[in-house]
Amino acid sequence: MFKKTLGIIGGGQLGSMLAQSAIKLNIKTVIISDDRKSPAKNFADEFIYGKYTDKKILNKFLKKVDIITFEFENIPFDVLDLMNKKVRVLPDPSINKIIQNRYLEKNFVNNLKIKTTKFKYIKSEKDLLNNLDLIPGILKTCMLGYDGKGQIVINSSKKIKKIKIDFKNEYILEKKVNIKKEVSVIITRFSSKKYEIYEPIENTHKDQILKYSKVPSNISKKIKKQAITYAKIIAEKLNYIGTLCVEYFIDKKNNLYVNEIAPRVHNSGHLTINSHNVSQFENHIRAVCKLDKIKTKRIYKARMINLIGDDIRKYRNKKNKKNQFFFDYLKKDIKPKRKMGHITIIK
Ligand code: ADP
Ligand code: MG
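Residues numbered from 1 in each chain as written. Chains lettered and ligands numbered in written order. Predicted model: local features only at pLDDT ≥ 70, side-chain atom pairs only at ≥ 80, totals over all residues. Heavy atoms only, no water.

## What to know about the overall build of the chain
1) Next: Each helix and strand counted, the chain has 10 helices and 17 strands in total.
2) Next: Here the C-alpha atoms of the chain give a radius of gyration of 20 Å, agreeing with the 20 Å that 2.2 N^0.38 yields for 347 residues.
3) Next: Taken along the three principal axes of its C-alpha coordinates, the chain extends 60 × 50 × 45 Å.
4) Next: Per-residue burial for the chain yields a buried fraction of 53% across its 347 residues.
5) Next: Look at the contacts in the chain between residues 6 or more apart in sequence, and 60% of them connect residues 24 or more apart.
6) Next: Looking at the chain as shown, the accessible area adds up to about 17,000 Å², and 50% of this sits on carbon and sulfur atoms.
7) Next: Counting 74 positive and 34 negative side-chain charges, the chain places the centres of these two groups 4 Å from one another. (Helix = DSSP H or I, 4+ residues; strand = E, 2+ residues; numbered from the N terminus. Rg over C-alpha atoms; globule rule 2.2 N^0.38 Å. Buried < 20%, exposed > 50% of the residue type's maximum accessible area, 1.4 Å probe, protein only. Contact = heavy atoms within 4.5 Å. Areas by Shrake-Rupley, 256 points an atom, 1.4 Å probe, with all protein chains shown as cover. Lys, Arg positive; Asp, Glu negative; His and termini not counted. Charge placed at Lys NZ, Arg CZ, Asp CG, Glu CD.)

## What to know about the coordination of the magnesium ion (ligand 2)
1) Next: At the metal site, the magnesium ion (ligand 2) is ligated by Glu247 (OE), Glu247 (OE) and Glu260 (OE), and these contacts range over 2.0 to 2.8 Å. Highlighted residues: Glu247 in strand 13 (residues 242–251) and Glu260 in strand 14 (residues 256–262), separated in sequence by 13 residues.
2) Next: For Glu247, a relative accessible area of 11% puts it in the buried group. (Donors = N, O, S within 2.8 Å, 3.2 Å for Na, K, Ca; no water.)

## Some thoughts on the site of ligand 1
1) Next: Ligand 1 sits among 20 residues. The nearest are Lys140, Gly148, Glu182, Asn259 and Glu260.
2) Next: Separating an oxygen atom of ligand 1 from a side-chain N or O atom of Lys140 is a distance of 2.6 Å.
3) Next: The separation between an oxygen atom of ligand 1 and a polar side-chain atom of Gln151 is 2.8 Å.
4) Next: When contributions to the shell around ligand 1 are tallied by element, the ones reaching two or more residues are strand 6 (137–141), strand 8 (171–175), strand 9 (179–191), strand 13 and strand 14. (Near = heavy atom within 4 Å. Polar contact = N/O pair within 3.5 Å; in protein donor to acceptor, adjacent residues only side chain to side chain.)

## Here's the deal with the sheet that holds strand 4 (residues 67–70)
1) Next: In space, the 4 strands of this open sheet follow the order 3-2-1-4, with parallel pairing throughout. Of all strands in the sheet, those bounded by a partner on one side alone are strand 3 (46–49) and strand 4. Between one strand axis and the next, the sheet turns by 25 degrees as a mean value, whatever way the strands run.
2) Next: When strand 1 (residues 5–9) meets strand 4, the two strands line up parallel, connected through 4 bridges. Within strand 4, the residue paired with Leu6 across the bridge is Ile67.
3) Next: Those strands touched by helix 1 (residues 13–24) are strand 1, strand 2 (28–33) and strand 4, and its axis lies near 165 degrees from that of strand 2. (Pairing = 2+ DSSP bridges. Axes fitted to C-alpha atoms, helices over the stretch in contact; angles between N-to-C directions.)

## A short note on the sheet that holds strand 5 (residues 119–122)
The pairing of strands in a sheet happens through backbone hydrogen bonds and is either parallel or antiparallel.
1) Next: Overall, antiparallel pairing links the 4 strands, which are arranged 5-8-6-7 in an open sheet. Edge strands, defined here as strands with exactly one partner in the open sheet, are strand 5 and strand 7 (151–154). Between one strand axis and the next, the sheet turns by 20 degrees as a mean value, whatever way the strands run.
2) Next: As defined by bridge partners, strand 5 adjoins strand 8 across 4 bridges and the pair is classed as antiparallel. Of the residues in strand 8, the one forming a bridge with Phe119 is Glu174.
3) Next: Its contacts with the sheet put helix 5 (residues 102–111) on strand 5, strand 6, strand 7 and strand 8, and the angle it makes with strand 5 is roughly 150 degrees.

## A closer look at the packing of aromatic side chains
Aromatic rings considered in pairs are described by the distance between their centres and by the relative angle of their planes.
1) Next: Taken as a whole and judged by the stated rule, the model has 5 aromatic pairs.
2) Next: Where Phe167 meets Tyr171, the ring centres are 5.9 Å apart and the plane angle is 75 degrees; that geometry is what we call edge-to-face.
3) Next: Taken together, Tyr103, Phe119 and Tyr121 form an aromatic cluster joined through their ring pairs.
4) Next: One Lys or Arg, Lys211, reaches over the ring of Tyr212 and ends 6.0 Å from the middle of that ring. (Phe/Tyr/Trp six-rings, centres within 6.5 Å; stacked < 30°, edge-to-face > 60°. Lys NZ or Arg CZ within 6 Å of the ring centre and 35° of its normal.)

## A look at the pattern of salt bridges
1) Next: Per the stated rule, a full pass over the model turns up 20 salt bridges.
2) Next: The salt bridge partner of Glu125 is Lys161, with a shortest N-O separation of 3.2 Å. Of this pair, Glu125 sits in helix 6 (residues 125–129) while Lys161 sits in the loop between strand 7 and strand 8, and the two are 36 residues apart along the sequence.
3) Next: Arg316 is paired through a salt bridge with Asp328; the nearest N and O atoms lie 2.7 Å apart. You can see Arg316 sitting in helix 10 (residues 311–316) and its partner Asp328 sitting in strand 16 (residues 324–328), a full 12 residues away along the chain.
4) Next: Within the structure, one salt-bridge network assembled from shared partners comprises Lys24, Glu282 and Arg286. (Salt bridge = Lys/Arg side-chain N within 4 Å of Asp/Glu carboxyl O.)

## Concerning the packing of helix 2 (residues 55–64) against helix 3 (residues 77–86)
1) Next: Interhelical geometry of helix 2 versus helix 3 gives an angle of 40 degrees and a closest axis separation of 11 Å. Judged by the angle between their axes, helix 2 and helix 3 are oblique. Classified by chirality, the crossing of helix 3 by helix 2 is right-handed. Contacts between helix 2 and helix 3 involve Lys55, Leu58, Asn59, Phe61 and Leu62 from the former and Leu82, Met83 and Lys86 from the latter. (Parallel < 35°, antiparallel > 145°, perpendicular 65-115°, else oblique. Left-handed = near helix turned anticlockwise from the far one by under 90°.)

This is the structure:
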């Protein structure tokens, strides 16, 4: 048994699901979050409210934990690095430094000889006008984007002058891919060449937010293999410990591109709670706490539906069938485009 205490940065749905897996593994958790209403406080042994940039709060957290992980990657690198000097942070903060920034992230992937979409670094309107070949495209902030936030779709070069762009931020302009399918590969790396890998999950987005996921994915064996191989190469190169997700695009010509990497558990892997013997959350905790690696297997076919904004209302009082699992993230306020819960249906 792991007698130490796991610290988790962030108290949203991912923090909640991590904490629930920790309960299953008899591991104590302390969660730190700057959101007083964090749903994960329902599952943690202890909840610390406050900003991790506040030295007093941070020290309180550091005193209580033996190992630290996080539910989201956008924690300032300096903060993570400072924590890591006192208590080990896994995955290693140096990984966040690359992945927090879409430009560095895509260059990192390309340097591994793995394709991404075509992109260019954009810092001014002039840069945009010099890269009209990438339009139709998507302008994405280099930092802090998620669930489609920080993205502007540019369908025609004539629109550029009309769009309000805050050039205090850095951007990349990415060529729009003619997407046939999106898939993700979730991999948990325990140490050098030791992995558990989930088969590719097929994802459908609406308005740039994940709406549906399913396993098995309906893609060719060849692409499945390629997607898994790339995920292994990426995890190995990052010397990664824990669960990581690689998001991919497959275009109409069956080219496979890495879209982005999430150095954490991922929404598309929520179905692993019900479809597999070991979920992505449990595997993450097993890896960062150095527990045994269990051969991970799919037991059921599954599909997941994200409940976004008002979707949640009709499910809160609904009775579920035996093969349907409803997850309410217990967020206090319903907001449009906010992930409020999900349902997984197994077969
Ligand atoms: P986020 O960090 O918000 O998840 P992504 O870059 O993954 O940002 O974009 C979210 C979704 O938007 C993708 O899953 C995809 O459906 C769509 N999208 C993003 N970039 C492109 C692109 N270059 N071409 C086509 N669709 C895209
Ligand atoms: Mg994404």
